[in-house]
Amino acid sequence: MPETIDWPLRSRPRGPRRVLLFFLVFVAIVIFAGRAAISWWVNLLWFHSLGYESVFWKTWTLQWGTFAAFAALTFFILYAALLLLRRAHAADLPDHHTIFFAGRPIELPVGRALHGAAIALALLIALATGAAMQSQWPSLALFWYAPASAAGSIDPIFARPLNFYLFTLPAWQLIAGWLLTLAVLILIAAALFLLAAGGARALDRDHSAPARLPWRGVSAAGGFLLLTLALREYIARFELLFEHHTIFDGVTYTDAHVNILGMSFIAAALALGGVIAIAGGLLRPAGRWLAAAVAPAIACYLVAGVAGWYVSNFLVKPNQLDRERPYIADNIAMTQRAYGLDRFAQQEFPAETAPGAADPSNNQQTLDNIRLWDVQALQDTLRQVQEIRTYYDFPDIDIDRYEIGGSLREEMLAVRELNVDKLPESSRNWINDKLIYTHGYGITMNPVNGFTPEGLPTLQLANMPVQSTVPGLTVTQPEIYFGEMTNTDVYVETHQEEFNYPKGESNDLTTYNGAGGIVLGGFLRRVFIAFDRGDLTKVPFSDDITARSRLLMRRNILTRVAVIAPFLAFEQDPYIVVGEDGHLYWIIDAFTSSDTYPYSAQTTLNDEPLNYMCNSVKVVIDAYNGTTTFYVFDNADPILKAWRNIFPDLFKDTSQMPAWLHKHVRYPELLLSLQAQIYGLYHMTDPEVFYNREDLWTVATQTGLGDEGEQTAQPMEPNFVLMKLPGEPSLEFVEILPFTPANRNNMIGWIAARSDGAHYGTAVVYDFPKTRLVDGPQQIEARIDQNAQLSGQLTLWNQQGSHVLRGSLLVIPCGKALLYAEPIYLQAQRSPMPELRIVVLALQDRLAYGPNFESAMASLFGGAASSLTPSETAQPTAAQANTAGPQSAATGMNALIAQASGDFADYQRLTSEGRLAEAGQKLDDLKRVLEELQARAK
């Protein structure tokens, strides 16, 4: 009996209103599609301007190929499933529905309605699935272009090659997840058809179809779901290699002897159940076939669970170390390989305590390059003396090595970038933001321990225009069009001259003459580009912009590389290099990573899990032209090999990097920090020591300022140092980081990551004696705080309208001893510019300090007394004063009192004015006078 539905009477929509609605929808689609097409075209122009047009097309092909393939497959699978379900229930569903519309009966054919609904539903789900899978194109591309497996790279459990885990397994996981989603959707549709059929049968009392017929669709859909679950269970066996456990990561004894076998049986049982469900649905459809299909899998699951519980609790836990020993050894070996820890060499270091063990005469080059300028202190100082205008900024300080005067010196560099957000509000307009204030200008460079008599950095590159005090070191292209703060688009080569730098009462102007950017061309091309960049009302109608003008977009160097190679991870701290050609270049370290490296320990980076990381690429960006070059630094990285197969035009070999630029590559900070975190545990290669955590290390901590300005212990960050490593003949640029035992402050080891020549990418770990304590950074900080004269002086300074800043503590092997160095600065509250006031040097059993490095060295190694004054020889001694007569003695006392009063008044005045260097000198003079008065009073 056909169903009838009586719809309430309502008026039809008017024709013009319907036409207007269709027109608005059409216009919205055209605008959306047009905007997407224009954005796509401008993106193509941008890649073309960089010489990476092939990268764009390959990426686009892979993305949309993935979308099309999965969207098409999803549509056809769902559409076919819905048609088969409709056919299976055709006898149970009515042929038509009768509805009453505006008082008149209308017959709706059920078959046609279901067919249209199936197409619409399948198409909607297919588009959503295609979009979701499109974002996973890197995993599928790596699977398709995977390189040949390296010989010997197999896991110890399944004997699968490494490439299987890096490339094949992620693709299997992706496809299995997609099939599982389809299976669930089809099962839901089958259940809905079953309910609909049951409802129709209840309405049609004369229905005489077999009672078991409606279960056919559900049984077949359930069988498909069981097959996909079988595939997922089979793949899950390999995922046991990535599991995190309390003691170690990877497959355990229970996994190897019970769980893997149990999961194999469960997968086989699920597959068998799927076949039973499908066959039963075709032959004798009934609900009991589904129960029979899942019964074997449930039984296998229960048996495997009980067996695993028994083995874990009664065989493993009572003898856990013996049972897990080989699996711990596998975890250690694979983790060291995954994080590059197998490139770490270990050496014993005596850490002797006698001053002579430091052997300063044979380590003078190391001592000459000890960094006394703290990064934050130098940045604050440069912002006062070199920003010149408020709209300039120094976002970062970089440390590198340069040939200065025939010798290698450690230098600190800072780029003067322009921040348009700091322009005066009255100057903020489109012409200024986009055409005039287009770039930063210049760079500063100073030695890490160079100070002027006023306490300022000894600048070797400075000012605007850039001036150099070093012969042969020049900057001929100081403009910064691409940097860390260049976050806006600009238009160059226009009729409007660009601001270059301030010059007295006027400004120096320039015009861009580089090859970077997109040529704007004719009027229509300009309209499309302006539409994409949000400048439609300005660019096409500006008299300043011509056909030769260029658009510089994506000028932030981190954004730039992320768009070109989104499949790489990047160091978030680029560094600048002054080239031999006078240009400025940025270098960014790039990494490949994975979370499916077998038996490797899991960690996180930017909230993303990983258990493999390799610094295989260095990216070089010209700060003027924006030219971006990717150099390969690790040809053994299998993931990079695959990306080179995909994008052969993107990467260049290391041999193509200029020799002068190669001298400035360095070990990545991000990689060393991650390796240090892993190495603290995985330096223990003996499974028993590892199991008991007998030698657990952590990165050393030092005192620093918390978020609210309070003193707190913070993990030390890697420091770059130019030094001669123990036992090595020459200076090296290394990145250092000390270790302490877990929950202890004494030092246990020290790592030096090497950056030069054939040693690049390796590291040396110096193990300290375990038979005696070696002071760690926190203990040296405590010794500084406990020194009566130092602590008294620091307390006094903190109470005189200023505050003390303590620089980073460096721990450097020198000879056979450890040398500790910490600069201390004084900063007035009214002036953000800190000045170096004290240099503290220490050995294990000796601490010395002075107003500069030379005096501190003299005190540490020469036996001179530590002092906070530059010289104590200018004032007469008490014996000299006592040789004068009583009258002259009284006169001298009055003179000293008057001098003390004047010095104190001058000290207060200079401190309030922020002239800390002069104020400090007056304070030192006052101290000497008071000491002399005390001596005479005796």
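Residues numbered from 1 in each chain as written. Predicted model: local features only at pLDDT ≥ 70, side-chain atom pairs only at ≥ 80, totals over all residues. Heavy atoms only, no water.

Could you give me a rundown of helix α20 (residues 788-798), with the residues and numbers involved?
Buried residues of α20: Leu790, Gln793, Leu794 and Trp797, and no others. Across the axial projection of α20, the buried residues extend over an arc of 95°, all falling on one side. The opening residue of α20, the one whose side-chain oxygen lies 3.2 Å from the backbone nitrogen of Gln789, is Asn787. (Buried < 20%, exposed > 50% of the residue type's maximum accessible area, 1.4 Å probe, protein only. Helix = DSSP H or I, 4+ residues; strand = E, 2+ residues; numbered from the N terminus. Arc of directions from axis to C-beta. Polar contact = N/O pair within 3.5 Å; in protein donor to acceptor, adjacent residues only side chain to side chain.)

Before we move on, can you summarise the nonpolar core with the specific residues and values?
Formed by 155 residues in total, the largest nonpolar core has its most connected members in Phe630, Leu650 and Phe651. Beyond its immediate chain neighbours, meaning those up to four positions away, Phe651 contacts Phe567, Leu568, Val617, Phe630, Val632, Leu640, Trp643 and Arg644. Core analysis: the next-biggest nonpolar cluster, separate from the first, contains 69 residues, Ala414, Met723, Phe768 and Leu847 among them. (Core = buried A, V, L, I, M, F, W, Y, C linked by side-chain atoms within 4.5 Å. Contact = heavy atoms within 4.5 Å.)

Got a sec to walk through the pairing of strand β38 (residues 846-850)? Specific residues and values, please.
Counting buried positions along β38 gives four out of five residues, so the element sits mostly inside the fold. Across five bridges, the pairing between strand β37 (residues 835-843) and β38 is antiparallel. Counterpart to Ala842 in the pairing with β38 is Leu847. (Pairing = 2+ DSSP bridges.)

I'd like to hear about the sheet that holds strand β14 (residues 490-492), residue by residue, with values.
Strand order in the open sheet formed by three strands is β14-β18-β17, with antiparallel pairing between adjacent strands. Strand pairing shows two members of the sheet lacking a second neighbour, β14 and β17 (518-519), which therefore form its edges. The pairing of β14 with strand β18 (residues 550-552) spans three bridges and is classified as antiparallel. Bridging from a neighbouring strand, Val490 pairs with Leu552 of β18.

Could you give an account of the pattern of salt bridges, naming the residues involved and the relevant values?
Following the criterion strictly, the structure yields 24 salt bridges and no others. When the shortest N-O distance is used, the salt bridge between Asp589 and Lys618 registers 2.3 Å. In this pair, Asp589 is assigned in strand β21 (residues 584-594) and Lys618 in strand β24 (residues 612-622), connecting sequence segments 29 residues apart. Taken individually, Asp589 and Lys618 each receive the classification buried, so the pair is uniform in this respect. When the shortest N-O distance is used, the salt bridge between Arg806 and Glu822 registers 3.1 Å. (Salt bridge = Lys/Arg side-chain N within 4 Å of Asp/Glu carboxyl O.)

Give a description of the side chain of Asp255 that names residues and reports values.
Checked against the element boundaries, Asp255 lands in helix α7 (residues 253-283). The side chain of Asp255 is buried and forms no salt bridge, while Arg237, the nearest opposite charge, is found at 12 Å. A polar contact is formed between the side chain of Asp255 and the backbone nitrogen of Thr252, at a distance of 3.2 Å. Those residues in contact with Asp255, other than ones at most four positions away along the chain, are Leu240, His245, Gly250 and Ile260. (Lys, Arg positive; Asp, Glu negative; His and termini not counted.)

Please provide a residue-by-residue account of the side chain of Arg401, values included.
On the secondary structure map, Arg401 appears in strand β6 (residues 398-404). Overall, the relative accessible area of 4% leaves Arg401 in the buried class. A distance of 2.6 Å separates polar atoms of two side chains, one belonging to Arg401 and the other to Asp756. Once residues lying within four places of it in the same chain are set aside, the contact partners of Arg401 are Leu408, Arg409, Glu410, Lys663, His664, Val665, Arg666, Leu722, Phe733, Ser755 and Asp756.

Can you lay out the environment of Phe158 for me, pointing to particular residues and giving the numbers?
Following the sequence through the fold, Phe158 ends up in the loop between α4 (137-144) and α5 (162-203). Classification of Phe158 as buried rests on a relative accessible area of 18%. Separated by 98 residues in sequence, Phe158 and Ala256 place their C-alpha atoms 9.7 Å apart. Excluding its chain neighbours within four sequence positions, the residues that come into contact with Phe158 are Tyr165, Arg237, Phe238, Leu241 and Ile260.

Explain the packing of aromatic side chains residue by residue, including any values.
Tallied over the entire structure, the rule returns 52 aromatic pairs. Aromatic ring contacts, followed pair by pair, group Phe158, Phe164, Tyr165, Trp172, Tyr234, Phe238 and Phe242 into a single cluster. In this structure, Lys618 is placed above the aromatic ring of Phe633, and the distance from its NZ or CZ to the ring centre is 5.8 Å. One cation-aromatic arrangement involves Arg693 over Phe690; the distance from NZ or CZ to the ring centre is 4.8 Å. (Phe/Tyr/Trp six-rings, centres within 6.5 Å; stacked < 30°, edge-to-face > 60°. Lys NZ or Arg CZ within 6 Å of the ring centre and 35° of its normal.)

Summarise the packing of α4 against helix α15 (residues 638-646); cite the residues concerned and give the values.
Closest axis-to-axis distance for the α4/α15 pair is 9 Å, and the angle between their directions is 90°. In terms of axis orientation, α4 runs roughly perpendicular to α15. Contact residues: α4 offers Trp137, Pro138, Ala141 and Leu142, while α15 offers Ile639, Ala642, Trp643 and Ile646. Its residues placed into classes, the contact of α4 with α15 shows eight nonpolar, no polar and no charged. (Axes fitted to C-alpha atoms, helices over the stretch in contact; angles between N-to-C directions. Parallel < 35°, antiparallel > 145°, perpendicular 65-115°, else oblique. Nonpolar A, V, L, I, M, F, W, Y, C, P; charged D, E, K, R; others polar.)

Pulling in residues and values, what's your account of the packing of helix α2 (residues 53-88) against α4?
In contact at an axis separation of 10 Å, α2 and α4 are set at 100° when each is read in the N-to-C sense. In this view, α2 runs roughly perpendicular relative to α4, as classed from their interaxial angle. Contacts between α2 and α4 involve Thr59, Leu62, Gln63, Thr66 and Phe70 from the first element and Trp137, Leu140 and Ala141 from the second.

Describe in detail the pairing of strand β25 (residues 628-632), supporting the description with residues and values.
Of all five residues in β25, five are buried, a share of seventy percent or more. Of the two faces of β25, the one carrying Thr628, Phe630 and Val632 and the one carrying Thr629 and Tyr631 are both buried. With five bridges connecting them, β24 and β25 associate as antiparallel partners. Bridge pairing in β25 places Val617 opposite Val632. Counting the residues between successive antiparallel strands, the hairpin from β24 to β25 contains five residues, one of them, Gly626, with a positive phi of roughly 80°. Taken together, the three bridges between β25 and strand β26 (residues 651-653) define a ladder with parallel strand orientation. Within β26, the position partnered with Phe630 by the bridge is Phe651.

Give a description of the environment of Met657 that names residues and reports values.
Locating Met657 in the fold gives a position in the loop between β26 and α16 (659-662). With a relative accessible area of 6%, Met657 lands in the buried category. The contacts of Met657, once residues within four sequence positions are left out, are Val620, Tyr631, Phe633, His662 and Val665.

Lay out the environment of Thr181 in plain terms, naming residues and giving numbers.
Examined against the element boundaries, Thr181 turns out to sit in helix α5. Among the residues examined, Thr181 registers a relative accessible area of 44% and is labelled partly exposed. For the pair Thr181 and Thr129, spaced 52 residues apart in sequence, the C-alpha separation works out to 9.5 Å.

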